[in-house]
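# A look at the structure
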Amino acid sequence: MSAARRSLSSRLPALVCSPLAAALLLALSASPAAAQSTTDGKDVKELDKLQVKGKRESEGNGALGDKAAVDTPFSVNSVDAQQLEKYQPVSLLDVFARDASVSRSAGSDYNGWSSRLVVRGLPLSFEDSMKVNGMPTALFGVNLPLEMMDQVQILKGASGFMYGFGQPGGIVNYVTKKPAGDVASVDLFYRTDAVFGAHVDYGGQSGDDGRFGYRLNATHEAGSFYSGGEIHRDAAAVALQYKIAPDLVLSVDALYQDRRIDEPTPYFYPWAYALKYLPKGVTGRTNYSSPATLNYNTFSMLTSSLRWDFAPNWSATLSAGELRDHYRLKQEYFELDGPDGRYDDWVFDGKDAWDFRFIQGLVQGSVDTGPLRHDLVVGASWQLMKLDLGDGNIGSWAVIGSARLADRVRLAWTAAAATHNMFLYSQTEQFAAFGSDTIHFSDRWSALLGARFNSYRQVAYTWDTTDVSVRYRKPVWTPTVALMFKPTPDSTLYLSYVESLEQGTTVGSWYANAGQQLGPIQSDQYELGYKIETGALTTGAALFRINRGAEYANAANVYVQDGNLRYDGLELEARYHFTPQFEVGTSAIWMDATYDKTGTPWLVGRQLAGTPRFSATADASYAFDAVPGLAAYASMKWYGQTAVYNNVASQATVYAKGYAVTDLGGSYATRWGGHPTMLRLGVDNVFDRNYWQGGFNEFAIGAPRTVALNLKLDF
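Given the structure is predicted, the values throughout are model-derived calculations rather than measurements.

The next subject is the packing of aromatic side chains. For the structure on display, the rule yields 39 aromatic pairs. Residues tryptophan 113 and tyrosine 267 carry aromatic rings whose centres are separated by 4.4 Å and whose planes lie at 20 degrees to one another, so their mutual orientation is stacked. Placement of the pair is tryptophan 113 in the loop between β4 (102-104) and β5 (117-119) and tyrosine 267 in strand β16 (residues 267-269), with a sequence separation of 154 residues. Here the two residues tryptophan 113 and tyrosine 267 agree in accessibility, since each one is buried. Look at tyrosine 333 and tryptophan 397: their rings are 5.1 Å apart centre to centre, the planes differ by 50 degrees, and that puts the pair in the tilted class. Remark: tryptophan 397 occurs in the loop between β20 (372-390) and β21 (398-404) and tyrosine 333 occurs in strand β18 (residues 314-336); sequence separation between them is 64 residues. Assessed through its relative accessible area of 10%, tyrosine 333 is described here as buried. Three or more aromatic residues joined by ring pairs make a cluster, and in this case those are Trp113, Tyr267, Tyr269, Trp271, Tyr333, Trp346, Phe348, Trp397 and Tyr645.

This is the structure we're talking about:
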C-alpha cells in the first residue's frame, strides 16, 4: 500500500465510518425470523424473475410537475434499482449503456469526468445538467454513488422550460433511495483488477401508522483498477420522512462522498493531430499516468422538502438545499501531435470549491373549466452558485515532456509548490418563475403550454483579487408548446417545441482571448415522437431537430460564438417481455449533425464533433426455469465513427473509428443461512476490444475487459 493510500485511510471521516459501522451492525442483527416471514412460501426462482412493470413514474419533472414518462411530450429513459443491481454500473455511462443516444466525453470510470455524458451528440454540463431528486446541483468532478440510487433518469433534448439553464443534450436526474418499509441488506463486491468493497442498505418505519420512515446507505470501496491506478471511496446517504399529518410530509435527505483516485486515466486532445483517424492498438490496461497525479473529491449535499396535499388533486411543495463540492486535481492532458502516436504531456495542478444553494416553491393541481381539464403547475426558485479557486491554478499548466503511445512510458512530474489559498472566482445567481398548463380537450387530445422566466446574473473576479472582471446580467424567457394525442391510455403521440439556454463559456487560457466571458447560448428543439408503455412492451420513436448557437476557435485562435449547429436525428427504442423470464431490448439513433451557419465557410456542412452517424444497442435477459434462481444476460453496443475535432487552422477533421463492445453476465438466487442471497457476475468488453471513447474535442482510452462480482444478502 502506498504512503498516500495509508495517509488517506488514516483520515477517513467519521461521517462515513460511523454510519457504515452502525448500519452493518443493524443489518446483521436484523431478526432472521422477521426476514423469514417475508419470504416463506416463495419459490427461490421468484427472487430473480424479471419484473414486468407498467408506467414509469418520473420524479421531479421541474416545471412540468409529477407525471408518468409516457404522458410527457419528451423522450425519457429511466433505469430503476433492479437494473442498477443487475448490471453493477460504475458510472453514468454504464447506467445508460443500453441507450444508443448516450456516450461519454473524455472521461473514464476512473477519472474526474466519469459522468460527463454526451447525449444526442451534445455534452452535458456538470453545473446545469445534473439534478438530484429533481433539485438543481453543481457536480463538477463528481461521480455520485450509484448504490444510493433508487432510479436514474435521463430526459433527452432541450429542457430550458422545465429546469432553466442547461445544455440542450438533456438532463440527468438521480433519485435517491427513500424510506420504503423494512429493508436490511449487505452486499460485497469486486471489480477488475483488485477493487473490493461493501455496501449496506438499512431502513424501516416507526411510530403510529409508520409515521416516521428512515433509510440508510453506506459504501466503502478500495483497491487498484484495470490500468494500475488506485481508488478509495467512502459514501453515506440518509433519507428521513415524517408524516406530520396525513396530508403533510417532511422529507430530509443527506448525501456524502469522499472519493480519491491515484493515477487517474488521462484526457486526450487532438489540437495538432494531422491524421484522419486516431492511433490504433491502444489498450486501456496501459498505465500512462504519472505517479504524482490524483483526483480527490469530497461532496456533501443536504436537502429538505415539505409537501402539503391541501385539496383533492392539489399539492404544494417547498424545497431547499445546499451542497459543497471540493475538487483537488493533479491531472494529465495528452495533446496528440504526431502520426506515430506522439504526444505532449500537459499537467495541471489545481483546486476548486463549489458552493451551491437553492430554494424552490411549487404548486400543482387539476381544475375543470367547462369541457376542459387543466393540469396546472406554477412555481418560483432561487439559486446561488459560488466558485472558489486555488491561487495556484492559473500558473500550474506545464509540459513535462513528450512520448509515444507505443512506448507505454510514465513521465515523472514534480508539481511546483503551490499554497492553493482559495479566492472567489465567480458567482452566478438565478431567480426564476415558471408555469405550465396541460389542457385536456378530451381523453385523447391535450396540449402543453409552458414558460419560464429566468433572471440570470454572473459576476467574475480578476484572478486572486476582489476586482470585478466580468459582470453579466440577462433576463430570458424559455417557452415550450406541445400537442399530444393518446391512441390508447398507455401510448402517446406528440409534437413539441422547446427553447433552452445554457451558460456561455469562460474562455480558457490556451486561446488568444483567454478569460473572456461569452454570453448565454440559445437553443431550440422540434420533436415528433411516439411512445408506448404496456405491461410487456415499452417502445418509442423520436424524430428531432436541435439548433444550437456555435462556439469554436477560429483560425486566429480566438474562441468565438458564431453561427448555428444543427442536430437532426431519429431515435428508436423497444423492449419486450416475451414471458416473465425472457426480455429483449434494442435502441438505435441516426444523426446528421453539421455546422449550419458560420462565418468560417470551411465549417459549413462539416460533421460536428462528438457525433456519430449511427449507433445501436441490443440486449437480452433470460431466467432459467430448469435451474431455479439462475438468470443470464447479454448486451452489445455499436458506436459509429465519430468526428472528434474540426481543426479550422489546418482545415482537417479527426475521427475516432467505430467500435462494438459486448457484455455478458448472470445471477443466481438462493438462500444462505435462511436469508435470500444473490450472486451476480458481469463481464464487460468480453472480447477485449481496443477503442477510443469520447469525441467532443476530447477523448479517452476505452476500458479493457473487466470483471465484476457481487454477493448480496437480504436480512
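Before going further, it helps to spend a moment on the sheet that holds β5. With respect to topology, three strands assemble into an open sheet ordered β4-β5-β6, the strand pairing being antiparallel. The sheet is open, and its two edges are formed by β4 and β6 (122-123), each paired on a single side. As defined by bridge partners, β5 adjoins β6 across two bridges and the pair is classed as antiparallel. When the sheet's bridge partners are listed, valine 119 is paired in β6 with leucine 122.

Opposite charge on two side chains permits them to pair, given that their charged atoms come into close proximity. Taken as a whole and judged by the stated rule, the model has 33 salt bridges. When the shortest N-O distance is used, the salt bridge between aspartate 407 and arginine 404 registers 3.0 Å. By relative accessible area, arginine 404 is classed as partly exposed at 32%. The partner of aspartate 619 in a salt bridge is arginine 575, with the nearest N and O atoms 2.8 Å apart. In this pair, aspartate 619 sits in strand β30 (residues 614-623) while arginine 575 sits in strand β28 (residues 559-577), placing the two residues 44 residues apart along the sequence. If you follow the salt bridges from partner to partner, you end up with Asp99, Arg120, Lys156, Glu527 and Glu571 in one network.

Reading the values: the criteria
- Residues numbered from 1 in each chain as written.
- Predicted model: local features only at pLDDT ≥ 70, side-chain atom pairs only at ≥ 80, totals over all residues.
- Heavy atoms only, no water.
- Phe/Tyr/Trp six-rings, centres within 6.5 Å; stacked < 30°, edge-to-face > 60°.
- Helix = DSSP H or I, 4+ residues; strand = E, 2+ residues; numbered from the N terminus.
- Buried < 20%, exposed > 50% of the residue type's maximum accessible area, 1.4 Å probe, protein only.
- Pairing = 2+ DSSP bridges.
- Salt bridge = Lys/Arg side-chain N within 4 Å of Asp/Glu carboxyl O.

Keep in mind these numbers describe shape, not what the thing actually does.
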